[in-house]
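Working through the structure, step by step
Next come the chains, spelled out residue by residue.
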Amino acid sequence: MNPSRRSAGILRWRVALDAVLRGTRTIRGRIFLAFLMLSAITAGLGGYAALGIMTTGELVDKTYDRSLMSINYARAAASDLAALQATVARARLAGDAEERRTLETRIEQLTQSFEEDLEIAADRAQSERATREAAAAKDAVTHWLAARREFGPDRQTVDVWQALDAHAAVAEQHIDLLINFTAGDGFAYRQTARAVVARDVRLSVFATALAIILSGIVSLLLLRQIMRPVADASTVASRIAAGELSVTVPEGGADEFGALLQAMAVMRDNIAAMMQAEVAQRRSAQSLLADAVQGSIEGIVVVDPQGRIVLANERAAALLGFDPAETGHRPLSEARGSAVADTLLAMPGSGTLTAEAQSADGRWLRISRSPTREGGFVAVCSDVSLLKEQEDQLKRSNSQLDAALSNMLQGLCLYDAAGGLLVYNRRFCDMLGLDAGELRTGMSLREVARLVETTSNDGSAFGLLMEQQALLHRGVSGSLCCPIRKDCIVSLKQQPTAEGGWIATYEDVTQRYEAEARIITMARRDALTGLANRMVFGERLEEAAARLEDGSGAGFATLCLDLDRFKEVNDTLGHPVGDGLLRSVAERLQSCLRETDLVARLGGDEFAIVQAGTHARQDASALAKRLIAAFQQPFLLDGHTVTVGLSIGISLAPEHGTSPEKLLKSADLALYRAKATGRGCWSFFEEEMDLELRKRRAMESDLRTAVGNGEFELVFQPIVKLDRQRIATCEALLRWRHPERGYVSPAEFIPLAEETGSICEIGEWVLRKACSEAAKWPGGIGVAVNVSAVQFKNAAVVRAVMEALTASGLPAHRLELEITESVLLNDSVTTLATLHTLKRLGVRVAMDDFGTGFSSLSYLQSFPFDKIKIDQSFVRNLGETGNARLIVRSVVGLGRSLGITTTAEGIETEAQLEQLRLEGCEEGQGYLFSRPVPSATIRELVSTLGRNAA
Ligand code: C2E
Ligand code: MG
Ligand code: MG
C-alpha cells in the first residue's frame, strides 16, 4: 500500500472516530451506539451459529455421499460378483454355442458393472484401505476371468473348477473386506461428525455467554449513561411540574444531559419568576376585585354550602338589613324578612336562577343566584326600579302606540332592514282586504302581495304592492297613487327608516280625489253664475289670438262689461238679491251670444266676452247694442224690480293688438271711458286711453314718493258760524306741489292715491300736520280733516289719530274728521266700530258731501254724526228753481231734529249766504268767506272775519 493511500485511510478513520465520540455526547448518539453494539454482538452470535450449522451440514453430506454410497456400491459389486460367478459357471456348462455367446456377453456386461461399482465404491470410500481392497477385488476378478479363459470350456475338471473357484473366492474375500472397510469408514466418520457437533455446541455456549456478558456491559453503560440521568431529570421535572420550585437541579456534565438539566434549572427559575409575577398580579386583581365588590352599586353576597354569608358588600348588607361590619359568617336565614334573603331562600335547586322581588320600601330588586364550585352560591342584587318603571312606561307607550296604530286612518307597514314585516295596523289589512290573521311578522312584501293576490277580486291591490316592490327595488323613497277598488283610491308613501328598513303609509284619498276633481271643475267655472271664469276666459283669448297669429282664425273682439250701480242694489236690497241679479245678468248675457262666443264673469259685477270671428267694428257694435238693449228690461228678483245698466268697453284684434293681456287691458280702458261718458254706453278702445293710463301710472309712481319728498302741503279753509260770522273750524285741504306738474288738484290725485293705497300714508301725514298747525291757532278753532274710506279698512286710522293728537297736544274735541258715505259703504260693522272708537276719544265726526250719495239718510241712522256738510252742488243750485232749496231745508231740519250741526259747502255769494241763513243753516264754508289759505294766514283771518261780522 502506498503511503498517501494509507494516510487517507487513517484520516477517514479519525473522522469516523470523532463522529462517534461526538455522538456519545448526545442521548440519541449513546442509545444508537448501545444498540449498534448489541446488534454487533447478536450478529456475531448469529454468524457463529450459522457457521456451525454449515459445518454440520457438510458432515451430513459427507455421511451420505461417501460412507453410505461407498457401502452401497461395495454391496452392488458383491452382488455383481455373485451373478458373474453364476453366469461363468453356466457358460462353462452350456453346450450350445449360441447360449454360450449370450452368456459371454452377459459376463462382459457384469464384469463392466462390477468394475464400475468397485470404482465408485473406491472413489466414495473414506479410507485408503477401502480403495486398496477395491483394487485388489478388481485384480482378483481380472485374474479369475483370465483363468477361465485359460482353462477354456473344454476343461471340465474338478481342478479346473476348483482353480476357478479359488480365484473367485479371492475376489469374494476382497469384496467382503471392501464392504467391511466402507462400513467401518462410515462409523469412523460418524464419530468424527459427533465430535465436531460436540465442539460446536461448546463453542456456541461460550459465544452465547460472551454475548450475554457483552450485552450486560452495554446495558450497564446504558443504565449509567442514559437511564439514570433521564430518571433524575424526570424526577426533577415532575417536582417542578408539581410546583416544587425549590428543587435542586443536579449539575450535569458538558453533554446533552448537562444542557438539559441546565435548561430545567432555567425553566424552574422562569416558572418561579412567572409565579411570583402572577401572584403579585393576582393579589392586585384580588384587591381590585375586592374594591370593585365593595364599591359596586349592586349588592353582592357570597354564601357557603352551609348557608353562611362569606362575603357581602355594603350594599348587600344594607339590603339584608345587617351591619356591614357584622355580616361575615352569619347565616343567611338570619336575614329572613328582607326581600333578598326571602327570595334567595325560596329559590329551588342550586343552579343559576334569577328572580325579582319588591323590597319593603317599594323598590324593585333583581336577584341573580349562581352556584360556586364549593357548593355555595353568589348572589347579585340590582335595583331595577328605574328599569321597571321604564318597562312599564314602554308597555304603556306600546299600548298607546298600538291604540294609535289601530285607530289610525292610514294603513301602515313597517319593514326591517332584511325586508321582513315588523309592524302593520288594522287599517292596512282592511284597506287591502286582508284578514289580519293571515299576516305574520317577518313576511316579505312579495309574500304580502301574493296573499293580497289570492284574496282580492281584481289585481289592483296586488298591482299597488308590486309597484311598491319596484320602488323598493330601486331603493328610493317615493309615493304612488292608484285605485285598488272601484270605490277606493290609495295614496302610498314609502320612505326608508334610520334602521335600514322602510315604512309605508296607505291613505284612502278617494274623497280627496273627488273633491279635487270638483275643485278642478270649479276652478274653471264661476260658482255663482256658472259662467266661465277669468282663467277660462284668458285661455279662450289666448286660443283666439294664437289662431289669428297662425292664420287659422279670423279677428275677434274683446268686450269688458260692468253693471251700472250694481253696488247700490247689493247694499240696498241685500246680497241674496245681488247674487240673484248676477245670475240673471249671466243668463241674459248668454242669451245675446252665439255659440262660438264666450262670456265669463271676471269678478264682482265685471263680465267679459270674446266675440269670435269679428270682421269689423260693426259686428262688435251690433253686439254691444244688443246687450245694452237687453238690459233696458228690468230684472224681477224676489219681488223686486231692479234696473241696472251696462257699460261696455271694446277692443278689436288684430286692430288693437293680438296679445290677450293687451286686448283685455284695452277693453278695460275703453270701459273706463264708457263709464266716464255716461252709464249705458259702449266705447271702442283708442290709443289716447293708453296714453292716459300711462300718465296715470307715472302719477301713481310720483305719488308714492311725494310724502318722502315733502311735496305735500296743507291749506286751510275756514268754516264759519253763520249767525256771528265767527270761524268755528278750518278744513285742512291737501295740495300737491309737483316739481314738474305744478299744483295737482286733490280731485285728481286723491282717487289715485286711494286706488294705490298710498292714501293711508298721505292721510297720516295730513292728520299729523293738520293737528300740529291747529295747535298753533287761537283756542276754540277746530280743524277738520278729510279721511278717505280706504283709511277705514283697518284700525290704523285710530292709531294715526291718537298719535297726531298726542304729538301736537291738540285737544281731541278740536279735531273733526270728515268722511263721505263711501266710508260706510264698505264694511259697515267694522267701520262703525272704528267710528265709535274715534268718537270715544272725543273726536268729532262730520258727514261730508251730504246728498250726493245713494242713501245718505240711512247712514245718519247708523252713526251719531256731529255734523252734516251739505254738498256744494245744492248750494250752487239754491238760486235756481228746483229741489235744491227744499233739499237744503229738509237737511237743515233733519239736522236740527237730530241735534246735528249743518254746514253748507261752497258758499260763493251773499245771496246763497242769505238763503242759507234763512233756512237756518248753522255753518258755512266757501270762497265768500275765504279760499283755502296757508295755516299762518288763519290768525289773520280770525280778526278779518270778526271785523266783517261786526
Ligand atoms: P271737500 O272735502 O268737499 O272739500 C271742499 C272742496 O271744495 C275743496 O276743494 C275746496 O277748495 C272747495 N271749495 C270750498 N269752497 C268753495 C267754493 O266756494 N266754491 C267752489 N267751487 N269750491 C269750493 P279741494 O281743495 O279741491 O278738495 C277737493 C276734495 O278733495 C275735497 O272735497 C276732499 O274730498 C278732497 N280732499 C282734499 N284734501 C283732502 C285730504 O287731505 N284728504 C282727503 N281724503 N281728501 C281731501
Ligand atoms: Mg271736506
Ligand atoms: Mg265737501
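Everything quoted here is computed from the prediction, not taken from an experiment.

**Digging into the overall build of the chain**
- Per the secondary structure count, the chain includes 29 helices and 26 strands.
- Computed over the C-alpha atoms, the radius of gyration of the chain is 77 Å, more than 25% above the 30 Å expected from 2.2 N^0.38 for a compact globule of 950 residues.
- Along the longest, intermediate and shortest principal axes, the C-alpha atoms of the chain span 245 × 100 × 75 Å.
- Considering only contacts within the chain whose residues lie at least 6 apart along the sequence, 58% involve residues at least 24 apart.
- Counting only carbon and sulfur atoms, one obtains 55% of the accessible surface of the chain, whose full area is about 51500 Å².

**A few points about the coordination of the magnesium ion (ligand 2)**
- Every protein donor of the magnesium ion (ligand 2) is accounted for by Glu 731 (OE), Asn 786 (OD1), Glu 818 (OE) and Asp 848 (OD), and the metal-donor separations fall at 2.0 to 2.3 Å.
- Taken in sequence order, the residues that donate to the magnesium ion (ligand 2) follow the motif E-x54-N-x31-E-x29-D.
- A separation of 3.8 Å is found between the magnesium ion (ligand 2) and the magnesium ion (ligand 3), both of which receive a donor from Asp 848. On the criterion of sequence distance, the pair formed by Asn 786 in strand β21 (residues 782–786) and Asp 848 in strand β23 (residues 844–850) is long-range, its members being 62 residues apart.
- The exposure class of Asp 848 is buried, given its relative accessible area of 7%.

**Observations concerning the domain arrangement of the chain**
- Domain boundaries assigned for the chain yield domain 1 (29–216), domain 2 (297–388), domain 3 (408–515), domain 4 (524–685) and domain 5 (709–945).
- Each of domain 1 and domain 5 has a C-alpha centre, and these two points are 191 Å apart.

**Examining the coordination of the magnesium ion (ligand 3)**
- At 1.9 to 2.6 Å from the magnesium ion (ligand 3) lie its protein donor atoms, namely Asp 848 (OD), Asp 849 (OD), Glu 905 (OE) and Glu 905 (OE).
- Binding-site remark: the magnesium ion (ligand 3) is held by donors from one chain whose sequence spacing is D-D-x55-E.

**Quick notes on the sheet that holds strand β7 (residues 421–424)**
- Taken in spatial order, the five strands line up as β7-β6-β10-β9-β8 in an open sheet, and their pairing is antiparallel. In this open sheet, the two strands that pair with only one neighbour each are β7 and β8 (478–485). On average, adjacent strands in this sheet sit at an angle of 20° to one another, irrespective of strand direction.
- Here seven bridges tie strand β9 (residues 488–496) to strand β10 (residues 502–508), and the two strands are oriented antiparallel to one another. When the bridges of β10 are listed, Lys 493 appears paired with Thr 505.

**Quick notes on helix α12 (residues 460–474)**
- The end-to-end C-alpha distance of α12 is 21 Å, a good match for the 21 Å that 15 residues give at a rise of 1.5 Å each.
- Of the positions making up α12, those classed as buried are Ala 461, Phe 462, Leu 464, Leu 465, Gln 468, Gln 469 and Leu 471.
- Downstream of α12 by a residue or two, Gly 475 has a phi angle that is positive, lying close to 70°.

**Quick look at the UniProt feature "domain: HAMP" (unreviewed entry) in the chain**
- In the numbering used here, UniProt assigns the "domain: HAMP" (unreviewed entry) feature to residues 224–276.
- Along residues 224–276, the helical share is 74% and the strand share 0%, with 37 Å between the first and last C-alpha atoms.

**Structural notes on the packing of helix α3 (residues 97–124) against helix α4 (residues 128–151)**
- Contact geometry of α3 with α4 gives a least axis separation of 8 Å together with a crossing angle of 165°. Put simply, α3 runs roughly antiparallel to α4. The handedness of the crossing between α3 and α4 is left-handed. Here α3 contributes Glu 104, Ile 107, Thr 111, Phe 114, Glu 115, Leu 118 and Ala 122 to the contact with α4, which in turn contributes Thr 131, Ala 134, Ala 137, Lys 138, Val 141, Leu 145 and Arg 148.
- Taken together, the residues that form the contact of α3 with α4 break down as eight nonpolar, two polar and four charged.

**Some words on the sheet that holds strand β3 (residues 353–358)**
- On the basis of which strands lie adjacent, the open sheet formed by five strands has the order β2-β1-β5-β4-β3 and antiparallel pairing. Strands with a single pairing partner mark the edges of an open sheet, and in this sheet they are β2 (309–312) and β3. Neighbour-to-neighbour, the strand axes of this sheet turn through a mean angle of 20°, independent of strand direction.
- Here β3 pairs with strand β4 (residues 364–371) via six bridges, running antiparallel. Counterpart to Ala 357 in the pairing with β4 is Leu 365.
- Strands in contact with helix α9 (residues 385–407) are β3, β4 and β5 (377–383); relative to β4, the strand with the most contacts, it is inclined by about 115°.

**A look at the pattern of salt bridges**
- Enumeration according to the criterion identifies 42 salt bridges in this entry.
- When the shortest N-O distance is used, the salt bridge between Glu 713 and Arg 737 registers 2.7 Å. Of this pair, Glu 713 sits in strand β18 (residues 712–721) while Arg 737 is found in strand β19 (residues 726–738), placing the two residues 24 residues apart along the sequence.
- By relative accessible area, which is 22% here, Glu 713 ends up partly exposed.
- Linking Glu 816 and Lys 867 is a salt bridge whose minimum nitrogen-to-oxygen distance equals 2.8 Å. Here Lys 867 lies in strand β24 (residues 867–870) and Glu 816 lies in strand β22 (residues 815–819), a separation of 51 residues in the sequence. Assigned by exposure class, Glu 816 and Lys 867 land together as buried.
- What emerges from the salt-bridge pattern is a single network uniting Lys 721, Glu 816, Arg 844, Lys 867 and Glu 923.

**Quick word on the packing of helix α2 (residues 27–93) against helix α5 (residues 158–241)**
- Between α2 and α5, whose axes approach to 10 Å, the crossing angle comes to 175°. Between α2 and α5, the crossing angle belongs to the class labelled roughly antiparallel.
- For the contact of α2 with α5, a count of residues per class yields 36 nonpolar, 13 polar and eight charged.

**Describing the site of ligand 1**
- In the region of ligand 1, 21 residues are neighbours, and Gln 717, Glu 731, Asp 848, Glu 908 and Tyr 927 sit closest.
- Taking Asn 786, its side chain carries an N or O atom lying 2.9 Å from an oxygen atom of ligand 1.
- Within the side chain of Glu 905, an N or O atom sits 3.1 Å from an oxygen atom of ligand 1.
- A total of 780 Å² of accessible area belongs to ligand 1 in isolation, and the protein chains cover 82% of it.
- Contributions of two or more residues to the shell around ligand 1 are made by β19, α20 (746–756) and β23.
- Counting residues per element, the shell around ligand 1 draws most heavily on β19, which supplies four residues.

**Section: the pairing of β21**
- Within β21, four of the five residues are buried, which leaves it mostly tucked inside the rest of the structure.
- Bridge count for β19 against β21 is four bridges, and the pairing is parallel. Opposite Cys 730, over in β21, you have Val 783 as the bridge partner.
- Sheet topology note: the β21/β22 ladder contains four bridges and is parallel. Its bridge partner being in β22, Asn 786 is matched across the sheet by Glu 818.
- For the handedness criterion, the β-α-β arrangement of β21, helix α22 (residues 796–808) and β22 is classed as right-handed.

**Thoughts on unusual backbone geometry**
- Of note, the bond from Ala 653 into Pro 654 is cis; its omega dihedral lies within 30 degrees of zero at 5°.
- Note on placement: Pro 654 falls in the loop between β16 (645–653) and α18 (660–677).
- For Gln 725, which is not a glycine, the phi torsion comes out positive at approximately 55°.
- You can see Gln 725 is positioned in the loop between β18 and β19.
- Unlike most non-glycine residues, Asp 849 shows phi in positive territory, near 50°.
- Within the secondary structure, Asp 849 is located in strand β23.

**Let's talk about the UniProt feature "domain: PAS" (unreviewed entry) in the chain**
- Under the UniProt annotation, the feature "domain: PAS" (unreviewed entry) is placed at residues 285–326.
- Taken end to end, residues 285–326 is 43% helix and 21% strand, and its two terminal C-alpha atoms sit 25 Å from one another.

**What to know about the packing of aromatic side chains**
- By the definition in use, this model includes nine aromatic pairs.
- Aromatic pair Phe 428 and Tyr 506: ring centres 5.0 Å apart, planes at 50°, arrangement tilted. Of this pair, Phe 428 sits in helix α10 (residues 426–432) while Tyr 506 sits in strand β10, and the two are 78 residues apart along the sequence.
- The class of Phe 428 is buried, set by a relative accessible area of 1%.
- Centre to centre, the rings of Phe 631 and Phe 635 are 5.6 Å apart; their planes meet at 65°, and the pair counts as edge-to-face.
- What makes Phe 631 buried here is its relative accessible area of 3%.
- With relative accessibility at 2%, the residue Phe 635 sits in the buried group.
- The side chain of Lys 388 reaches across the aromatic face of Trp 364, ending 4.5 Å from its centre.
- Over the ring of Tyr 927 we find Arg 931; its NZ or CZ atom is 3.8 Å from the centre of that ring.

Calculation rules
- Residues numbered from 1 in each chain as written.
- Chains lettered and ligands numbered in written order.
- Predicted model: local features only at pLDDT ≥ 70, side-chain atom pairs only at ≥ 80, totals over all residues.
- Heavy atoms only, no water.
- Helix = DSSP H or I, 4+ residues; strand = E, 2+ residues; numbered from the N terminus.
- Rg over C-alpha atoms; globule rule 2.2 N^0.38 Å.
- Contact = heavy atoms within 4.5 Å.
- Areas by Shrake-Rupley, 256 points an atom, 1.4 Å probe, with all protein chains shown as cover.
- Donors = N, O, S within 2.8 Å, 3.2 Å for Na, K, Ca; no water.
- Buried < 20%, exposed > 50% of the residue type's maximum accessible area, 1.4 Å probe, protein only.
- Domains from an automatic or database assignment.
- Pairing = 2+ DSSP bridges.
- Axes fitted to C-alpha atoms, helices over the stretch in contact; angles between N-to-C directions.
- Expected span 1.5 Å × (residues − 1).
- UniProt positions renumbered as here; feature names shortened; annotations may be inferred.
- Parallel < 35°, antiparallel > 145°, perpendicular 65-115°, else oblique.
- Left-handed = near helix turned anticlockwise from the far one by under 90°.
- Nonpolar A, V, L, I, M, F, W, Y, C, P; charged D, E, K, R; others polar.
- Salt bridge = Lys/Arg side-chain N within 4 Å of Asp/Glu carboxyl O.
- Near = heavy atom within 4 Å.
- Polar contact = N/O pair within 3.5 Å; in protein donor to acceptor, adjacent residues only side chain to side chain.
- Right-handed = clockwise from strand over helix to strand, strands pointing away.
- Phe/Tyr/Trp six-rings, centres within 6.5 Å; stacked < 30°, edge-to-face > 60°.
- Lys NZ or Arg CZ within 6 Å of the ring centre and 35° of its normal.

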